[in-house]
Amino acid sequence: MTADDAAGRSKDLDALLELLDLEQRDEDVYIGQHPEQKTARTFGGQLLGQGVVAATRSLTRGNPPVHALHAHFIRGGDVAKPMEYHITRLRDGKPFANRQVTARQDGEDIFTMLVAFQDNTKGLEHAIESPSVPYPEELPELGEHFKGYEDQIALFVNALHPIDIRFANDPTWKVREAGEKLLKNRVWMRTDGKLPDDPIWHVAAMCYASDTTVLDSIITTHGLSWGIDRLFAATVNHSMWFHREFRFDEWLLYATESPVAAGSRGIGSGRFFTRDGVLATSVVQEALIKYFPPKG
């Protein structure tokens, strides 16, 4: 990355790009680090982003773009230790390629992901319409939503913030305070600064961001909030389909909802739309969700 690439980027975005810029230790083995801002376990978006970078760097014939990924989270990652990403080459062609990525710590698998690559060619096209919401410039920055809730949602306040997020509706804690329920979530996102032109940085940054807010509708459907109610959440699996090219340093609308929650699991379904309403990416995540009501 050049100095021009770095111009205008936030420190947190620089930190994210450093996390995504994996070290190659051996053929088909890459090493990923954790950020200074520690959480209880490895953030799922970090595993997705680092994993797709590792898969892309293993390509040897042509450079087809990522068109789909399907990930399973097996164990919680230890944030005090690096990750080893091991690549299995399933198919290696110019228009098509497939990789399996397995993240390991201390010899144990904690995450596995299938990544599919395919050249884009002309064919049938259609897509649902983008939701109608205010443009991001008309909406408050994320920090404005934190004011007055710093103690209750300290985990979010103190986290790494490489993504500029603008809620088109209230976040979970404000929905709960109002005593309301919300069946859908609409959030504008882009990186907090310019990315290099190589598409893999944009895909990896979107992978990272896709693990934020996607589960919100599961709990706001029940009038609950992260950080305020006693909730436990752990991602079980995560899938993404990349339909069209995009830049993730430009605004995209992440429109999510939850079609079902049952058996202590919930699904968050999301779509990324470009500013001009084009559907770029689809997302589905399943997570273990447990709510512990107050006693008495």
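So, a few notes on the structure that sits alongside this text. The residue numbering used here restarts from 1 in each chain and proceeds along that chain's sequence as written. The predicted origin of the model limits local features to residues at a pLDDT of at least 70 and limits the giving and counting of side-chain atom pairs to 80 or more, whereas totals for whole chains, interfaces and linings rest on all residues. The basis for every side-chain value is the complete set of non-hydrogen atoms in the structure, without hydrogens or water.

**Topic: the packing of aromatic side chains**
Any two aromatic rings considered together are summarised by their centre-to-centre distance and by the angle between their planes. Pairing of aromatic rings covers Phe, Tyr and the six-membered ring of Trp, with a centre-to-centre limit of 6.5 Å; geometry is then stacked below 30 degrees between planes, edge-to-face above 60, and tilted otherwise. Counted by the stated rule, this structure contains eight aromatic pairs. Between F43 and Y208 the ring centres are 5.0 Å apart and the planes differ by 75°, which places this aromatic pair in the edge-to-face class. Of this pair, F43 sits in the loop between β2 (29-32) and α3 (44-57) while Y208 sits in helix α7 (residues 199-210), and the two are 165 residues apart along the sequence. Only protein chains enter the area calculation, which uses a 1.4 Å probe; residues under 20% of their type maximum are buried, those over 50% are exposed, and those in between are partly exposed. What makes Y208 buried here is its relative accessible area of 8%. With 6.4 Å between their ring centres and 35° between their planes, Y135 and W188 make a pair best called tilted. On the criterion of sequence distance, the pair formed by Y135 in the loop between β6 (108-118) and α4 (142-146) and W188 in strand β8 (residues 184-191) is long-range, its members being 53 residues apart. Classification of Y135 by relative accessible area gives partly exposed; the value is 40%. Members of the aromatic cluster, connected to one another through ring pairs, are F146, F156 and W173. Strands here are runs of E lasting at least two residues and helices are runs of H or I lasting at least four, both read from the DSSP assignment and numbered beginning at the N terminus.

**Description of the environment of A71**
With respect to the helices, strands and loops of the structure, A71 is situated in strand β3 (residues 66-73). For A71, a relative accessible area of 1% gives the class buried. Taking the C-alpha atoms as reference points, A71 and Q285, separated by 214 residues in sequence, lie 9.4 Å from one another. Pairs of residues are marked as contacts when any of their non-hydrogen atoms sit within 4.5 Å. When near neighbours in sequence (up to four residues on either side) are disregarded, A71 contacts L48, F111, T112, M113, V236, N237 and H238.

**Regarding the pairing of β8**
When you tally the buried positions in β8, you get six out of eight residues, the bulk of the element. Across five bridges, the pairing between strand β7 (residues 163-167) and β8 is antiparallel. Each bridged residue has a counterpart across the sheet, and for I163 the counterpart in β8 is T191. One ladder, built from six bridges, connects β8 with strand β10 (residues 252-262); its direction is antiparallel. Paired with M189 across the bridge in β10 is L252. Strand pairing is assigned whenever DSSP detects at least two bridges linking the two strands.

**As for the packing of α3 against α7**
Where α3 meets α7, the axes come as close as 6 Å, and the angle between the chain directions of the two elements is 155°. Considered as vectors, α3 and α7 are oriented roughly antiparallel to each other. At the point where α3 passes α7, the crossing takes the right-handed sense. Residues G45, Q46, L48, G49, V52, V53, T56 and R57 of α3 lie in contact with α7, whose contacting residues are I200, W201, V203, A204, C207, Y208 and S210. To obtain each axis, a line is fitted to C-alpha atoms, and for helices this fit is confined to the stretch in contact; angles are then taken between N-to-C directions over 0 to 180 degrees. Each angle is binned into one of four classes, with values under 35 degrees roughly parallel, values over 145 roughly antiparallel, values of 65 to 115 roughly perpendicular, and all other values oblique. Two helices crossing with the near one rotated counterclockwise from the far one by less than a right angle form a left-handed crossing, whereas a clockwise rotation gives a right-handed crossing.

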